[in-house]
Amino acid sequence: MNEMDDMIKMLAESPDEQRKSMLTQRLKMIAGQPDEQRVKSIAGLVSSISKLKDKKMKGFIKARTNLLSTFPEEEGKAIMEARIKASKLLDEKVNKTDLMATIEATKEWPEDKQKTFMEHLKQIFVKLGMPMPEFK
């Protein structure tokens, strides 16, 4: 286990408010990093989250997704773009599982908020010249 694995495991076991606070700090720090470092940090975060048991992993991804929706647009988009770029650094199964759980988390949002998220996601895939996966 590395430092990120330890932190994610600790956060997964933490009370909701503590997890939210610490995850907010971590994501804001990552959002402020130079692009290349941000992509590596997000890849490490996603990889560590994937090592949690399924229920905890999906809950963590849901918490991360909901939290990102509260970020200022510029920070949220920086994290989203880094997440898509990080796809190239991740195991295919880890990448797909994380993306699908992210989309699943948005299904509890109001329709307009969900639509905006998907539009931003599509714009990022287009900007990066990558095909957007089918989310079903």
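In this convention, every chain numbers its residues from 1, walking through the sequence in written order. In keeping with the model being predicted, local features are shown solely for residues with a pLDDT of at least 70 and side-chain atom pairs are shown and tallied solely at 80 or more, while totals for entire chains, interfaces and linings include all residues. Side-chain measures here rest on the full set of heavy atoms in the structure, leaving out hydrogens and waters.

## Quick notes on the packing of helix α4 (residues 54-68) against helix α6 (residues 92-106)
Axis definition: a line fit to C-alpha positions, over the contact stretch in the case of helices; interaxial angles, taken between N-to-C directions, run 0 to 180 degrees. A run of H or I in DSSP becomes a helix once it reaches four residues, and a run of E becomes a strand once it reaches two; helices and strands are each numbered from the N terminus. One can describe the packing of α4 onto α6 by two numbers: an axis separation of 9 Å at closest approach and a directional angle of 60°. In this view, α4 runs oblique relative to α6, as classed from their interaxial angle. Note that α4 runs across α6; the crossing there is right-handed. The residues of α6 that touch α4, namely those facing Met57, Lys58, Ile61, Lys62, Arg64, Thr65 and Asn66, are Thr97, Asp98, Ala101, Thr102, Ala105 and Thr106. Residues are grouped as follows: nonpolar covers Ala, Val, Leu, Ile, Met, Phe, Trp, Tyr, Cys and Pro; charged covers Asp, Glu, Lys and Arg; every other residue, Gly included, is treated as polar. When grouped by side-chain class, the residues that make up the contact of α4 with α6 number 4 nonpolar, 5 polar and 4 charged. Orientation labels follow simple angle bins: below 35 degrees gives roughly parallel, above 145 gives roughly antiparallel, 65 to 115 gives roughly perpendicular, and whatever is left gives oblique. Note on convention: near helix rotated counterclockwise from far helix by under a right angle means a left-handed crossing. Clockwise means right-handed. Here, two residues are considered to be in contact whenever any of their heavy atoms come within 4.5 Å of each other.

## Let's talk about the pattern of salt bridges
Salt bridges are defined by distance alone: a side-chain nitrogen of Lys or Arg within 4 Å of a carboxyl oxygen of Asp or Glu. Counted according to the given criterion, the structure contains 15 salt bridges. Taking the shortest distance from any N to any O, the salt bridge between Asp5 and Lys51 comes out at 2.9 Å. Of this pair, Asp5 sits in helix α1 (residues 3-13) while Lys51 is found in the loop between α3 (35-49) and α4, placing the two residues 46 residues apart along the sequence. In this structure Asp5 comes out as buried when scored by relative accessible area, which is 6%. Where salt bridges share partners, they join Asp35, Arg38, Glu81, Lys85 and Lys127 into one cluster. In this scheme, a residue with accessible area under 20% of its type's maximum is buried, one over 50% is exposed, and one in between is partly exposed, where area comes from a 1.4 Å probe on protein chains only.

## Section: the nonpolar core
Working definition of a nonpolar core: buried Ala, Val, Leu, Ile, Met, Phe, Trp, Tyr and Cys residues. They are joined through side-chain atoms within 4.5 Å. Within the largest apolar cluster, 28 residues are counted, with the highest numbers of intra-cluster contacts made by Ile8, Leu27, Ile42, Leu45, Ile49 and Phe60. Of all the secondary structure elements, the ones that give two or more residues to this core are α1, α2 (16-31), α3, α4, α5 (73-86) and α6. If you tally residues by element for this core, the top one is α3, at 6 residues. Other than its neighbours up to four places away in sequence, Ile8 contacts Leu45, Ser48, Ile49, Leu52 and Phe60.

## Observations concerning the side chain of Thr102
Residue placement: Thr102 occurs in helix α6. If we ignore the near neighbours within four places in the chain, the residues touching Thr102 are Ile61, Arg64, Thr65 and Phe117.

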